[in-house]
Amino acid sequence: MFLSLLKLNIVTRYLTHFYKKSVFMASRPNVLLRNPSSEESNLRIAWSVKLNVGTYKKTNISSTVFRYDLEIKIPVIFWNKKQKRAKQVGDFARGKSINSQLDKIIKRLQDHYDDCLAREYYPTKDDLRQFLNKETHRISPNAKKVKASEGKDYKSIKNQLEEIWLLIRRRKTDEDIQLIERKKQKVFRSLKNIDLLKLSFKDQFSAWIIILLYKNDITISAAHTYFNRLVTLLSFQESNKKLNIDTVDLGVFQEFLSWAHYVKDYGQNTISLTVTVLSSFIKWSYHEGLTDNRIWEHPDFVASPFEPETIALAEEEIWRVIDFDFSAIETEITKKSLLLGQKWFAIFFLQGIRFSDNSRIDRSNIITRKGELYFDVRMQKTQRKNRKAVIPCHWRTLEILDENDGRPPKIYRHDSLAKIFRELCFWAGINRIVEVTEMKRNTIISKKVPAWQAVSIHTGRRSYATMLYNQGIAIESIRVFLGHASVDQTIKYLKISDWDIADRAVKTGFFSKSD
């Protein structure tokens, strides 16, 4: 028994000793036609790989033949069986490129095999096949199924992002907002199974907006603004292919500023907001591991906003526009548009609402208290802070709603409505000269224009705030009506002179001698 164990131990050590000295041998890979009898066949790599142990007799332990079909087709008549390469003749122009491709693949395969041997690792057929798949950019049947499934997922998420983008941009009613709320949850769930690195810049940006919206970090109105900034960036991307989260640097930033100022003639606030949103997106991408770019930390990666000098219309001017008869006016804007615009002019200037809150002006949002009517609404820009505003309903607004079955009139796009407002003011004779400032190409310009030229949608809020202040209403109440977070913000809206302040103080009676 002892001798048997000793013999077994010696034999085991002997075989182990020679196994460590084993050498892996293989002939050079050959390229053959898969089906030589057909007119055109796929090329195949055929390779005999042998394992020999270094014994005295060099006994052959194992031998295997590795075959791999290349996705290269060649007519049989143009294949040289002896040289195992394509014939390079005038009638077959692809011969040279095919041979070059074969030489490259075979050299890479032999080098890979030699590298494995140097690491004392014997590559299996699957190892070699996987390597060639990578070299020829081919995927296995199972991988094809997975990739096809992933392709469907990515196509689906792109369609979902596009759909919710359109919903946010064209939202008009509360039903649209409810639909957006449902869609964002569906999209967010889909994004959990998606590798964001595989998405385009546009889809990554859109996904970021939806994630912020889902987490209630931004409102639907803010999401609409972010999508508009994305449109600006995509427009720039058409002229600058470098724009993505990895390549944005100070050079690309300067190109964007020049493009925005000189090519598109954007206002400074539009440029500043676009840069701010882009910076936030890159910062989020960095923290999510999508990029190593930290340009958002650079002090020069900023475009300062510009606060333009805007105007407020006097109460008399507002009523002049509201009461003006436009039926006989001939202008490029249709009479129907003028009349609708006149109604919205009254709503914006007598209620002080934001453009994003136009759908809130509805009979269903009106409550009655002690015989008075109030709008009880949650404003779009402040809804995530769960603040509701109670705003007195003006009698003219109520008349407009009753004329339209309790609903607000048809609304136009922001820029179109602003154009109508200026047209209304022009025909109503709002011609007093005012001084306004604007920024063009990074330069602040001050100029004097007729008041009607300076009217915008936002003029309504400033005029509303100024009117209420001159009526003696407390500034804290005005802040609530406007939906501001602080009184400091409200003060900036007041367009009042020193005389207005003095007149307001005199009305208190403090400075008059009592009888």
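By convention here, each chain's residues receive numbers from 1 onward along its written sequence. It should be noted that, the model being predicted, local features are given only for residues of pLDDT at least 70 and side-chain atom pairs only at 80 or more, the latter also being counted only at that level, while totals for whole chains, interfaces and linings use all residues. Heavy atoms from the whole structure form the basis of all side-chain values; hydrogens and water molecules are not counted.

Turning our attention to the packing of aromatic side chains. Only centres within 6.5 Å qualify two rings of Phe, Tyr or Trp (six-membered ring in Trp) as a pair; their planes then separate them into stacked at under 30 degrees, edge-to-face at over 60, and tilted for everything else. As enumerated under the stated definition, the model contains 25 aromatic pairs in all. When the centroid spacing of 4.6 Å and the interplanar angle of 55° are considered together, the rings of Phe-324 and Phe-326 count as tilted. Categorising residues by exposure relies on relative accessible area from a 1.4 Å probe, with only protein chains included: less than 20% of the type maximum marks a residue as buried, more than 50% marks it as exposed, and the intermediate range marks it as partly exposed. The partly exposed category is assigned to Phe-324, whose relative accessible area is 26%. On the basis of relative accessible area, Phe-326 is assigned to the buried category, the value being 1%. Feature note: the residues Phe-201, Phe-205, Trp-208, Tyr-226, Phe-281 and Trp-284 constitute an aromatic cluster, connected by ring pairs. Positioned above the aromatic ring of Tyr-493, the side-chain terminus of Arg-462 is 4.5 Å from the ring centre. Whether a charge sits over a ring depends on NZ of Lys or CZ of Arg being within 6 Å of the ring centre and within 35 degrees of the ring normal.

Attention now moves to the sheet that holds strand β9 (residues 389-392). Taken together, three strands build an open sheet; the order of strands is β7-β8-β9 and the sheet is antiparallel. Of all the strands in the sheet, just β7 (366-369) and β9 have a single pairing partner and so form its edges. Mean inter-strand twist for the sheet, computed between neighbouring axes without regard to direction, equals 35°. Bridge analysis of β7 against strand β8 (residues 372-377) gives four bridges, and the strand direction is antiparallel. Bridge pairing links Ile-366 to Phe-375 in β8. The pairing criterion for strands is at least two bridges between them, as found by DSSP. Helix numbers and strand numbers start at the N terminus; a helix is a DSSP run of H or I with at least 4 residues, a strand a run of E with at least 2. Here, axes are lines fitted to C-alpha atoms. For helices the fit covers the stretch in contact, and angles between N-to-C directions go from 0 to 180 degrees.

Hairpin connection, β7 to β8: the antiparallel pair is bridged by two residues, and Lys-370 has positive phi, about 55°. One ladder, built from four bridges, connects β8 with β9; its direction is antiparallel. Looking at β9, one finds that Tyr-374 is bridged to Pro-392.

A low pLDDT score tells you not to read the predicted coordinates there in detail. With 81% of its residues at a pLDDT of 70 or more, the chain has an overall mean of 78. Put simply, helix α1 (residues 2-20) is where the chain has its lowest mean pLDDT, 37, and helix α10 (residues 315-323) is where it has its highest, 94. By definition, pLDDT measures how confident the predictor is in each residue, and it falls between 0 and 100. Contact definition: two residues touch when any of their heavy atoms are within 4.5 Å. Here residues 51-62 is a poorly scored stretch, pLDDT under 50, and it has 22 contacts once near neighbours within four places are set aside; other chains count. Ignoring residues within four places in sequence, the model shows residues 144-150, a span with pLDDT below 50, making three contacts including any to other chains.

This brings us to the environment of Leu-401. Mapped onto the elements, Leu-401 comes out in helix α12 (residues 395-403). For the pair formed by Leu-401 and Ile-361, sequence separation is 40 residues and the distance between their alpha carbons is 8.2 Å. Apart from residues no more than four positions distant in its own chain, Leu-401 is found in contact with Ile-361, Asp-362, Arg-363, Ile-366, Phe-375, Gly-406, Arg-407 and Pro-408.

Together, Val-506, Phe-510 and Phe-511 make up an exposed nonpolar region whose accessible area comes to about 390 Å². With respect to the element layout, Phe-510 can be found in the segment after α17 (498-506). In this structure Phe-510 comes out as exposed when scored by relative accessible area, which is 69%. For patches, a residue must show more than 30% relative accessible area and have no salt bridge; joins then use 9 Å for like charges and 5 Å for nonpolar side chains, namely Val, Leu, Ile, Met, Phe, Trp and Tyr. The Shrake-Rupley method, run with a 1.4 Å probe sphere, supplies the accessible areas, and residue values consider only the shown protein chains as cover. Salt bridge, as applied in this entry: a Lys or Arg side-chain nitrogen positioned within 4 Å of an Asp or Glu carboxyl oxygen.

Attention shifts here to the side chain of Glu-423. Its place among the elements puts Glu-423 in helix α13 (residues 414-427). One buried charge, Glu-423, has no salt-bridge partner; the nearest side chain with opposite charge is Lys-419, at 7.1 Å. Among all residues touching Glu-423, those that are not within four sequence positions of it are Thr-331, Ile-333 and Leu-338. Only four residue types enter the charge count: Lys and Arg as positive, Asp and Glu as negative, with His and the chain ends excluded.

One finds Leu-313, Phe-345 and Phe-421 to be the most contacted residues of the largest nonpolar core, which totals 56 residues. Considering every element that reaches this core, the biggest residue donor is helix α11 (residues 335-351), with nine residues. Filtering out sequence-adjacent residues up to four positions away, Leu-313 remains in contact with Ile-318, Phe-345, Phe-349, Cys-425, Ile-430, Arg-432, Val-455, Thr-459 and Ser-463. In terms of nonpolar packing, the next biggest core, distinct from the first, is built from 53 residues, Leu-161, Ile-218, Leu-234 and Val-277 among them. Definition of nonpolar core: a set of buried residues of the types Ala, Val, Leu, Ile, Met, Phe, Trp, Tyr and Cys, connected through side-chain atoms within 4.5 Å.

Multiplying one less than the number of residues by 1.5 Å gives the expected span of a helix. Along its twelve residues, helix α14 (residues 459-470) runs 16 Å from first to last C-alpha, staying within 8% of the 16 Å computed at 1.5 Å per residue. Within α14, the full set of buried residues consists of Thr-459, Gly-460, Arg-461, Arg-462, Ser-463, Tyr-464, Ala-465, Thr-466, Met-467, Leu-468 and Tyr-469. One or two steps after α14, the chain reaches Gly-472, where phi turns positive at roughly 90°.

With that settled, consider the packing of helix α5 (residues 174-191) against helix α6 (residues 201-214). Where α5 meets α6, the axes come as close as 9 Å, and the angle between the chain directions of the two elements is 115°. Between α5 and α6 lies a crossing whose hand is left-handed. From α5, Ile-180, Lys-184, Gln-185, Val-187, Phe-188 and Leu-191 reach across to α6, where they touch Ala-207, Ile-210, Ile-211, Leu-213 and Tyr-214. Each residue is assigned to one of three groups, with Ala, Val, Leu, Ile, Met, Phe, Trp, Tyr, Cys and Pro labelled nonpolar, Asp, Glu, Lys and Arg labelled charged, and all others, Gly among them, labelled polar. A breakdown of the residues in the contact of α5 with α6 according to their chemical character gives nine nonpolar, one polar and one charged. In this scheme the handedness of a crossing depends on how the near helix is turned from the far one: anticlockwise by less than a right angle means left-handed, clockwise means right-handed.

Moving on to unusual backbone geometry. Trans peptide bonds make up the majority, and among non-glycine residues the majority have a negative phi. The phi dihedral of Lys-370 falls on the positive side, at around 55°, and the residue is not glycine. Residue placement: Lys-370 occurs in the loop between β7 and β8. In this structure Lys-370 comes out as exposed when scored by relative accessible area, which is 74%. Even without being glycine, Asp-405 reaches a positive phi, approximately 60°. Relative to the helices and strands, Asp-405 is located in the loop between α12 and α13.

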